[in-house]
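Fold and contact review
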There are 14 protein chains.
Amino acid sequence: MDNISVIGMISVITAGLTIAIGSIGPALGEGRAVAQALSAIAQQPDESGTITRTLFVGLAMIESTAIYCFVVAMILIFANPFWEHVTAAAGG
Amino acid sequence: MDNISVIGMISVITAGLTIAIGSIGPALGEGRAVAQALSAIAQQPDESGTITRTLFVGLAMIESTAIYCFVVAMILIFANPFWEHVTAAAGG
Amino acid sequence: MDNISVIGMISVITAGLTIAIGSIGPALGEGRAVAQALSAIAQQPDESGTITRTLFVGLAMIESTAIYCFVVAMILIFANPFWEHVTAAAGG
Amino acid sequence: MDNISVIGMISVITAGLTIAIGSIGPALGEGRAVAQALSAIAQQPDESGTITRTLFVGLAMIESTAIYCFVVAMILIFANPFWEHVTAAAGG
Amino acid sequence: MDNISVIGMISVITAGLTIAIGSIGPALGEGRAVAQALSAIAQQPDESGTITRTLFVGLAMIESTAIYCFVVAMILIFANPFWEHVTAAAGG
Amino acid sequence: MDNISVIGMISVITAGLTIAIGSIGPALGEGRAVAQALSAIAQQPDESGTITRTLFVGLAMIESTAIYCFVVAMILIFANPFWEHVTAAAGG
Amino acid sequence: MDNISVIGMISVITAGLTIAIGSIGPALGEGRAVAQALSAIAQQPDESGTITRTLFVGLAMIESTAIYCFVVAMILIFANPFWEHVTAAAGG
Amino acid sequence: MDNISVIGMISVITAGLTIAIGSIGPALGEGRAVAQALSAIAQQPDESGTITRTLFVGLAMIESTAIYCFVVAMILIFANPFWEHVTAAAGG
Amino acid sequence: MDNISVIGMISVITAGLTIAIGSIGPALGEGRAVAQALSAIAQQPDESGTITRTLFVGLAMIESTAIYCFVVAMILIFANPFWEHVTAAAGG
Amino acid sequence: MDNISVIGMISVITAGLTIAIGSIGPALGEGRAVAQALSAIAQQPDESGTITRTLFVGLAMIESTAIYCFVVAMILIFANPFWEHVTAAAGG
Amino acid sequence: MDNISVIGMISVITAGLTIAIGSIGPALGEGRAVAQALSAIAQQPDESGTITRTLFVGLAMIESTAIYCFVVAMILIFANPFWEHVTAAAGG
Amino acid sequence: MDNISVIGMISVITAGLTIAIGSIGPALGEGRAVAQALSAIAQQPDESGTITRTLFVGLAMIESTAIYCFVVAMILIFANPFWEHVTAAAGG
Amino acid sequence: MDNISVIGMISVITAGLTIAIGSIGPALGEGRAVAQALSAIAQQPDESGTITRTLFVGLAMIESTAIYCFVVAMILIFANPFWEHVTAAAGG
Amino acid sequence: MDNISVIGMISVITAGLTIAIGSIGPALGEGRAVAQALSAIAQQPDESGTITRTLFVGLAMIESTAIYCFVVAMILIFANPFWEHVTAAAGG
C-alpha cells in the first residue's frame, strides 16, 4: 500500500465512524429531552410556550455536538489536508 | 491487494457500519419520545394537538442524526472522491 | 486473494452485519412504543383513535431507520458499484 | 484458500450471525410488547379487543425487522450472487 | 487446510453460535411475557382465558425468531449447499 | 494440523460454547418467570392452580430454547457429519 | 503441535469454560427465584407449602440448564470421542 | 513448546478461570437470596424458621453450581487425564 | 509506510475519534439537564427565570468538555506540530 | 521460551487473575447482604439477634466462593504440580 | 518507523484519547449535578442562592478532572519532553 | 527475551492488575454497606450501636477479599518462588 | 525501535490513559455527591452549613483518587526514572 | 528489546493502569457513601455527629483499597526489585 491508499482508507473509515458514533449520544439525549418536554406539557399545559422554547434551546445545544461530528466527517471527505498533501506529492 | 481493492473494501465496510451503528441511537431515542407522547396524550387528551406538534419537531431533530449517517453512507457508495481518484489513476 | 474475492467477501459480511445490527435499535424502540401505546389505551380507552394514529406515525419514523439499513444491505448485494467495477475489470 | 473457499466461508458465517444477532432485538421488543398487552388487558378487560388488535399490528412491525434478517440470511445461503459468480468462474 | 476443512470448520462454528446467540433473546423475551401473564392472572383472575390466549399468540411470535435460528443451524449442518459443493468437487 | 485435527478441535469448542452460552438466556428467563409465579401465588392463593399451569407451559416454551442448544451440542459431539466425512476420508 | 496436543488442549479449555460460563445464568436465576420465594412466604405465610413446592419445581427446571453444561464438561473430559480417536490413531 | 508444556499451560489457565468466573454468579445469587431473607425476617419475624429453612435449601442449590466449577478445577489440577497421557507418553 | 503516511494516518483517526467519543458524554449530560429543567418548569412555573438561567450556566459548563475535544480535533487537522515537522523534514 | 518459563509465566498470571476476578462477586454479594441486614435491623430492632445470625451464615456461604479462588491461587503459587514436574524434568 | 515517527504517532493518539475519554465522566457528572440543582430550585425556590453557590463549587471540583486531562493533552502536543528529546537527537 | 525477563515482566503486570481489579468489588461493596448503615442510623438512631457493630463485622468480611488480592500482589513482588527459581538458575 | 523509543512511547501512552481513565470514577462520584447535597439542602435548608461542610470533606476524599492519578501521570512525564536511565545509558 | 527495556516498559504501564483502574471503585463507592450521608443528615439533623463519625470510618475503609493500589504503583516506579535486578545485571 502506498501513501494514497493508506490516507484514503483511513479517511473513509474515520469519516464514517465519526458520524456513526457521534450520533448515538445526541440522539439519546434529544430523545430524553423531548420525552420530558411532552411529559411537562401534559403536566402544565399553560406553560407549553416556556417549555417549548427551553426545549428548542436545549435541543440546539445537544444537536451542536452532532454537528461537530458531521463537520469533521465532511472535512475528512471533501477538504482533507492530509489527502491533498499526498495526492499533490504523488502527482507532482 | 492494489489500491482499488483496498479503497473499495473499506468503503463498503464503512458505509454499512455507519448506517448500522448510526440507526441505534435515533431508533431508541425516537422510541422513547413516541412512548412518552402516547403517555402524555393519555394523561391530557385535551392537549393532544400541542403534544403531537412538539413530538414531530422533536422526531425531526432526532431523525436528522440518522440522516447524517445515511448521507455519509450514500456518499461513500455513490460519490466517493477517494474511489474516483484511485479508479481514475488505475484507468489513466 | 484477488480483487473479486476481497470485494465479494467484504460485501457479504457488510450486508449481513448492517441489517443485523441495524435491526436491534428499531426493534427495541418499536417494542417500547407499542408497549406504551397499549398502556395508554388501557388508561384512556376513549382516546384510542388518537393514540393509535400517533403510534403509527411514530412507528413509521422508527421503522425508517431499519429501512435505511435494509436498503444499504440490498444495494451491497444486488447493485454494488464496487463489485461491478472489479468484475468488469476482471472480465474485460 | 481459493475464491470458492473464501466466499463460501464468509457466506456461512454471515448468514448465521445475521439471523442470530437479528433475533435479539425483535425477541426482546416483542416480549416487552406482549407483557404490556397482558398488563393492559388485566387493567381494562373491556378493551381487550382494541388492545389485541393494536398488539398484533405492533408485533407485525417488530417482526418485520427479524424477517429482513431472515431474508438476507436465506439470500446468502440459497441465492448468493457472489457465490454464483465464483463457482461459474471456477467451473467455466 | 483445504476447502473441505475450511467450509466444514466454519459450518460447525456458525451452526453452534447461531442457535446459542439466537436463544438468548427469545428466552429472555418469553420469560418476561410469562412473568407478566402470571402477574395479570393474579390481578384479574376472571380474564385468565383472554390472558392465556394472548400469551400463547405472543409466545408463538417470539418463539418464531428462535426457530429461524434453529432452521438456519440445521440447514448449515445437514443441508449445507456450500459443503455439498466442495465435497462434490473433492470427490469428483 | 490436518483435517481431522481441525474439525475435531472446532467441534469440541463449538459444542461447549453452544450449551454454555445457550444456558444463560433460559436460566435467567425461567428464574424471572418462577419468581413472578411465586409472587402471584402470594397475591392470589385461590388461583394457584391456574398460575402453576400457565407457569409450566411457559417454562416448557423457555426450556425449549435451551434444548435446541443441547441438541445441537449433542449432534456436534456424537453425530457430526463433518467429522464422519473427514475420518472416513482419512481412513479410506 | 500434533493432533493429541491440539485436541487435548481444546478439550481442557472447553470443559472449563462450559461449566464456568454455564453456571452464571442458573446461579443468578435461582438466586432471584429463591429471593422471591422468601418474600412471598413473608407476605403469605399460610401458603408456604404451595410456594415451596412451586419453588422446588422451578429450581429443578433452572438447575437443569446447569446440569446440561456439567454433562457436556464431563463428556469432554472423560468420554471424549475425538480424544479417543486421536489417541487410538497415535497408538495404533 | 512440546506437548507437556502445552497441556500443562492450558490446564493451569483453565483451572483458574473456571473457579474465578464460576464464583461470580453464585456469589451474586447468594447475596441476593440472603439479602431478601433478612428483609423477609424483618417483615415477618414469626416465620423466621420457615424462611431460614427455605433459604438454606436455596443456598445449597445455588452453591451447587459453584461446586461444579470447583470440582472441574480440582480435576484439571490433580486428576487431569490429558496431562497423565502426555506425561506417560513423554516418560514412556 | 514512511513518516508522512504514519503521522497523517494517525492524525486523521485521532481527530475523528476524539470528537466522536467526546460528544457522547456532553450530549447525554445536556439531555439530562434539559429534561430536568423542563420538569422543574412544569413543577414551579414561577421560577422559570431562575431555572433557565441556572440551566444555561450548567449547559455552558458541560458544553465546555465537548469544546475541549473539538479544539483538540481541529488542532490535529489544521495545526498539527508533528505533521508540520515531518512534512518539513520530507520537503527539506 | 522453554517449559519452565511457560509454566511459570502462566501460573503467575492465573494465580493473580483468579483471586482478582474471584473477589468481585463475593465482595458485591456480601455488600448487598450486609446493607440489607442493616436495613432490616433498623426496621425490626427486636429481631437483631436472628438477623445477625442469619447474616453470618449467609456471609460464610458467600465467602466460601472467594476462598475457593484463594485456595486455587495458593495451590498455583506454592503447590503447583505442573511446575514441580517441569522443574524436576529440567533438573533431572 | 524511526523514533520521531513512533513518538509523534503515540503523542497524537494519546492526546486525543486522553481528552476524549476524560470528557465522559465530567460531562455526565456535571449533567447530574445540574439536573439535581434545577430540581432542588423547583422544590425550594427560597434557597436558590445557597443551591446555586454550592452547585458552582461542585461543578468546579468536577470540571477540575476534565482540566487535568486537557492539561495533559496540551502538554503532549505542545510541550512534550519525549518529542523534544528525539527531535533534538535526530537534528543533532 | 530470556526467562528472567519473561517471569519478571509477567509478575509486574499480574501484581498490578490483581490489586487494581481486586479493589473494584470491595470498594463498591463497602460503599453500599456504609451508605445503608448511614441510612439505617438516620431511621433508627437508638440502634446506632448495633448497626455500627454489624457494619464493622461486615466491612471486615468484605475487606478480606481485598486483602487476599493485596497478599497475592505482595507475594508476587517480594516473595515470588518462580522469580527466585529463574534468578537462581541464571546465577548458578 | 531502540530503548529510548520504547520507554518514551509507553510513558506517553500510560500518562494519558492514567489521567483519562482515572478521571471517570471521581467525576461520577463527585457528581453524585454534589447532586445529593443539593437535594439535601432543598430538604433541610436549616442544615445547609453542616451539609456543605460534610460535602467538602467528602469531595476532598474523592478528589484524592483523581490526584493520585494526576501525580502518577506527572511523574511519568517529568520525573520518569526509567526514561532517565535509558537516556543516560544512550548518552553515556 | 533487551531486558531493561522490557521490564521498564511493563513497569510504567502497570503502575499507571493500577492506580487508574484502582481509583474507579473507591471513587464511586465514596461518592455513594457521601451522598447517603448527606441524605441522612437532612433526614435526622440531630444525629449528624454519629453519621459523620460513621461516614469517616467507612471512607477510611474504602480509601484503603485505593491506597493499596497507590502503594503498589509507587513500589513499581521507585522500588521495583525486578528493575533493580536487571539494571544491576546490565551494569555488572
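As named in an unreviewed UniProt entry, chain A is ATP synthase subunit c, taken from Thiohalobacter thiocyanaticus. Its UniProt record, at the heading Sequence similarities (unreviewed entry), says of chain A: "Belongs to the ATPase C chain family."

**Focus: the overall build of chain A**
From N to C terminus, chain A includes four helices and zero strands. Secondary structure elements in chain A, listed N-terminal to C-terminal, are α-α-α-α. What you see for chain A is a C-alpha radius of gyration of 20 Å, clearly larger than the 12 Å of a compact globule of 92 residues, by over 25%. By its C-alpha atoms, chain A is 70 × 20 × 10 Å across when sized along the principal axes. Considering chain A as a whole, with its 92 residues, one finds that 64% of them fall into the buried category. Pairs at least 24 apart in sequence give 77% of the contacts found in chain A among residues at least 6 apart.

**Some remarks on the interface of chain D and chain E**
With 43 residues of chain D at the contact, the number on the chain E side is 42 residues. Summed over both partners, the interface of chain D with chain E buries about 3700 Å², with 80% contributed by carbon and sulfur atoms. In this assembly, chain D and chain E are joined by zero salt bridges. Connecting chain D to chain E are four residue pairs in polar contact (both at pLDDT 80 or more). Across the side of chain D that touches chain E, the residue classes break down as 29 nonpolar, ten polar and four charged.

**Quick look at helix α2 (residues 24–43) of chain B**
Taking 1.5 Å of rise per residue, 20 residues should cover 28 Å, and α2 of chain B covers 29 Å from first to last C-alpha, within 8% of that figure. Along α2 of chain B, 15 of the 20 residues are buried, which leaves the element largely enclosed by surrounding structure.

**Some details on the packing of helix α1 (residues 3–22) of chain I against helix α1 (residues 3–22) of chain K**
Interhelical geometry of α1 of chain I versus α1 of chain K gives an angle of 5° and a closest axis separation of 8 Å. The angle between α1 of chain I and α1 of chain K places the two elements in the roughly parallel class. The segment α1 of chain I lies against α1 of chain K, with N3, V6, I7, I10, S11, T14, L17, T18, I21 and G22 of chain I engaging S5, G8, M9, V12, I13, G16, L17, I19 and A20 of chain K. Split into classes, the residues belonging to the contact of α1 of chain I with α1 of chain K amount to eleven nonpolar, eight polar and no charged.

**Topic: the confidence of the model for chain A**
For chain A, per-residue confidence averages 88 on the pLDDT scale, and residues scoring 70 or more make up 97% of the total. The weakest mean pLDDT in chain A belongs to helix α4 (residues 81–91) of chain A at 83; the strongest belongs to helix α2 (residues 24–43) of chain A at 92.

**Concerning the UniProt feature "domain: V-ATPase proteolipid subunit C-like" (unreviewed entry) in chain A**
UniProt records the feature "domain: V-ATPase proteolipid subunit C-like" (unreviewed entry) at residues 13–76 of chain A, using the numbering of this structure. Across residues 13–76 of chain A, the secondary structure splits into 92% helix and 0% strand, with the terminal C-alpha atoms separated by 10 Å.

**Let's talk about the relation of the copies chain D and chain E**
If you rotate chain D by 26° and push it 0.0 Å along the axis, it lands on chain E with an RMSD of 0.0 Å. When the interface residues of chain D are mapped onto chain E, a mere 16% of them again fall at the interface, so the copies present different faces.

**Some words on helix α1 (residues 3–22) of chain F**
Here α1 of chain F spans 28 Å end to end across 20 residues, near enough to the 28 Å set by a 1.5 Å rise per residue. Of all 20 residues in α1 of chain F, 17 are buried, a share of seventy percent or more.

**Topic: the arrangement of the chains**
The two units chain A and chain K never meet; even their closest C-alpha atoms stay 11 Å apart. The closest approach of any C-alpha atom in chain E to one in chain L is 27 Å; the two make no contact.

**Considerations on the environment of P81 of chain C**
Here P81 of chain C shows up in helix α4 (residues 81–91). A C-alpha to C-alpha distance of 26 Å links P81 of chain C and E63 of chain C, two positions 18 residues apart in sequence. Look past the residues within four positions of P81 of chain C in its chain and what remains in contact with it is I77 and F78 of chain B.

**Comments concerning the interface of chain C and chain B**
In this complex, chain C contributes 42 residues to the contact, which on the side of chain B involves 43 residues. Both sides of the chain C and chain B interface together cover about 3700 Å² of buried area, and 80% of this is carbon and sulfur. Scanning the region where chain C abuts chain B turns up four residue pairs in polar contact (both at pLDDT 80 or more). Looking at the side of chain C that touches chain B, the elements that each hand over two or more residues are α1 (3–22), α2 (24–43), α3 (48–78) and α4 of chain C. Here the element with the most residues in the side of chain C that touches chain B is α3 of chain C; it accounts for 15 residues. Residues of the side of chain C that touches chain B, tallied by class, amount to 23 nonpolar, 17 polar and two charged.

**Points about the packing of helix α2 (residues 24–43) of chain D against helix α2 (residues 24–43) of chain E**
For the pair α2 of chain D and α2 of chain E, interaxial distance at closest approach is 8 Å and the crossing angle is 5°. It follows from the interaxial angle that α2 of chain D and α2 of chain E lie roughly parallel. On α2 of chain E, the residues that touch I24, A27, L28, G31, R32, V34, A35, L38, S39 and A42 of chain D of α2 of chain D are G25, P26, L28, G29, R32, A33, Q36, A37, A40 and Q43 of chain E.

**Some words on the UniProt feature "transmembrane region" (unreviewed entry) in chain A**
Per the UniProt record, "transmembrane region" (unreviewed entry) is found at residues 55–79 of chain A. Its end C-alpha atoms 34 Å apart, residues 55–79 of chain A is made of 96% helix and 0% strand.

**Some thoughts on the side chain of T54 of chain E**
Assignment of secondary structure puts T54 of chain E in helix α3 (residues 48–78). Apart from residues lying up to four places away in sequence, T54 of chain E is in contact with L38, I41, T52 and L55 of chain D.

**Let's talk about the environment of T52 of chain N**
By secondary structure assignment, the location of T52 of chain N is in helix α3 (residues 48–78). Taking the C-alpha atoms as reference points, T52 of chain N and A15 of chain N, separated by 37 residues in sequence, lie 34 Å from one another. Filtering out sequence-adjacent residues up to four positions away, T52 of chain N remains in contact with T54 of chain M together with I41 of chain N.

**Section: the state of the cysteines**
This model, assessed by the stated rule, comprises zero disulfides over all chains. Here C69 of chain C is not cross-linked by a disulfide; its sulfur's nearest cysteine counterpart is in C69 of chain B, at 9.5 Å. Looking at C69 of chain C, the relative accessible area reads 0%, which means it is buried.

**Topic: a positive patch on the surface**
On the surface, R32 of chain A, R32 of chain B, R32 of chain C, R32 of chain G, R32 of chain H, R32 of chain I, R32 of chain J, R32 of chain K, R32 of chain L, R32 of chain M together with R32 of chain N cluster together to form a positively charged patch. If you trace the backbone, R32 of chain C turns up in helix α2. Taking relative accessible area as the criterion, R32 of chain C reaches 30% and is therefore assigned partly exposed.

**Focus: the packing of aromatic side chains**
Inspection of the entire model under this criterion finds 28 aromatic pairs over all chains. Arranged with centres 4.6 Å apart and planes meeting at 85°, the rings of W83 of chain G and F82 of chain H form a pair that is edge-to-face. Taken together, the positions of W83 of chain G in helix α4 (residues 81–91) and F82 of chain H in helix α4 (residues 81–91) put the pair across two chains. When sorted by exposure, W83 of chain G lands in the same class as F82 of chain H, which is buried.

The rules we used
Residues numbered from 1 in each chain as written. Chains lettered and ligands numbered in written order. Predicted model: local features only at pLDDT ≥ 70, side-chain atom pairs only at ≥ 80, totals over all residues. Heavy atoms only, no water. UniProt positions renumbered as here; feature names shortened; annotations may be inferred. Helix = DSSP H or I, 4+ residues; strand = E, 2+ residues; numbered from the N terminus. Rg over C-alpha atoms; globule rule 2.2 N^0.38 Å. Buried < 20%, exposed > 50% of the residue type's maximum accessible area, 1.4 Å probe, protein only. Contact = heavy atoms within 4.5 Å. Buried area = accessible area lost by both parts, 1.4 Å probe. Salt bridge = Lys/Arg side-chain N within 4 Å of Asp/Glu carboxyl O. Polar contact = N/O pair within 3.5 Å; in protein donor to acceptor, adjacent residues only side chain to side chain. Nonpolar A, V, L, I, M, F, W, Y, C, P; charged D, E, K, R; others polar. Expected span 1.5 Å × (residues − 1). Axes fitted to C-alpha atoms, helices over the stretch in contact; angles between N-to-C directions. Parallel < 35°, antiparallel > 145°, perpendicular 65-115°, else oblique. pLDDT = per-residue confidence, 0-100. Least-squares fit on C-alpha atoms with pLDDT ≥ 70 in both. Disulfide = S-S within 2.5 Å. Patch = residues over 30% accessible without salt bridge, like charges linked within 9 Å, V, L, I, M, F, W, Y side chains within 5 Å. Areas by Shrake-Rupley, 256 points an atom, 1.4 Å probe, with all protein chains shown as cover. Lys, Arg positive; Asp, Glu negative; His and termini not counted. Charge placed at Lys NZ, Arg CZ, Asp CG, Glu CD. Phe/Tyr/Trp six-rings, centres within 6.5 Å; stacked < 30°, edge-to-face > 60°.

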